[in-house]
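# Coordinate inspection notes
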Amino acid sequence: MATSALDAPIRQRRRPLTPYLLLIPAVAVLLLGLGYPVYWQIVTSFQEFGLAQQFGQPPAFAGLDNYARIFSDDSAFAVVIRSILFCMVNAGLTVLIGLAVALLMRAVYGWVKVVVQIAMLLAWATPVIAAVTVFRWLFDARTGVVNWLLVQAGFESYRGHSWLATPMSFFFIATLIIVWMSVPFVALSLFAGLTQVNDELLEAARIDGANSSQILWRIIMPLVRPVLAIVLLLQIIWDLRVFAQIRLLQDAGAPVSETNLLGNFIYELGMARNNFGGAAAVSIFVLLLTIVLSAPYVRSLMKEDEA
């Protein structure tokens, strides 16, 4: 009996190898698909790689010059701060609105729920170019519906107003586009988590005298916290790498230098200035910044999984 009691913890610590073996093909595909591009970016970030190297001239080793040259520039520092603020504001708004829509879908029934879910799916499935084109038309200085409505409401200063001319209003429109396109994913993900909340548990809380606010914050939110943390983490990663929406709005006449985010800054360095070494250095910085911003959420998820 003593021997079996000592052997029990050892047997409990042994884990089957089958799940790890099944993960090998997926990990191999990820390493093949992502490993070489990341390796190329790291190597290029330490080289002088410009237009000449595109035509076959061997690159020269530059050490940390690309990093020092880029991040000693005040404009690059402004882009980093702007990107982080834009990312946090958009991710926070998206999760808050998505949670509200998910709670709404859980509260309604019948055809109303179906209509809301179809609307979410349509917004999510809309191509980026189509969504940006619609918003550019809505906020157009000459023929935009928004300006027309504001003028009709008595705000004559908005007649011919250019929303993309100043960074503040530019990012207001960019936030509308990105949040509008991101809310459906968050709402549907949180709604799936809310469907796992036991109605009997909520009914018992109501019988005990809990009001709607207490049920939301003390029962529902703790139960859906893992899903909430995952969608917030994904939104931070996606919003930090946003590129297409900003680029398409810039093409409509916005000031590029004052509205660049990290993705657009990398594109400008590589494609406009032919500074591929500098673009690679900024890309590696974005990768490290993504890891730093997402580390607390990953650590929280791991702790919850262990618990």
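Since we're looking at a predicted model, the values are computed, not measured.

## Regarding the packing of aromatic side chains
- Here the structure, examined in full by the defined rule, presents 14 aromatic pairs.
- Taking the centre distance of 5.8 Å and the plane angle of 75° together, the rings of Trp40 and Phe49 count as edge-to-face.
- For Phe49, a relative accessible area of 13% translates into the label buried.
- Taking 5.4 Å as the distance between ring centres and 50° as the angle between the ring planes, the aromatic pair formed by Phe243 and Tyr267 counts as tilted. In this pair, Phe243 is assigned in the loop between α11 (212-240) and α12 (244-250) and Tyr267 in helix α14 (residues 262-272), connecting sequence segments 24 residues apart.

## Digging into the pattern of salt bridges
- According to the stated counting rule, one finds five salt bridges in the structure shown.
- The salt bridge involving Arg69 is made with Glu48; its shortest N-O contact spans 3.1 Å. You can see Arg69 sitting in helix α4 (residues 65-71) and its partner Glu48 sitting in strand β1 (residues 47-48), a full 21 residues away along the chain.
- The class for Arg69 is partly exposed, based on a relative accessible area of 39%.
- By relative accessible area, Glu48 is classed as partly exposed at 32%.
- In this structure, Asp251 engages Arg247 in a salt bridge whose closest nitrogen and oxygen atoms are separated by 3.9 Å.

About the thresholds
- Residues numbered from 1 in each chain as written.
- Predicted model: local features only at pLDDT ≥ 70, side-chain atom pairs only at ≥ 80, totals over all residues.
- Heavy atoms only, no water.
- Phe/Tyr/Trp six-rings, centres within 6.5 Å; stacked < 30°, edge-to-face > 60°.
- Buried < 20%, exposed > 50% of the residue type's maximum accessible area, 1.4 Å probe, protein only.
- Helix = DSSP H or I, 4+ residues; strand = E, 2+ residues; numbered from the N terminus.
- Salt bridge = Lys/Arg side-chain N within 4 Å of Asp/Glu carboxyl O.

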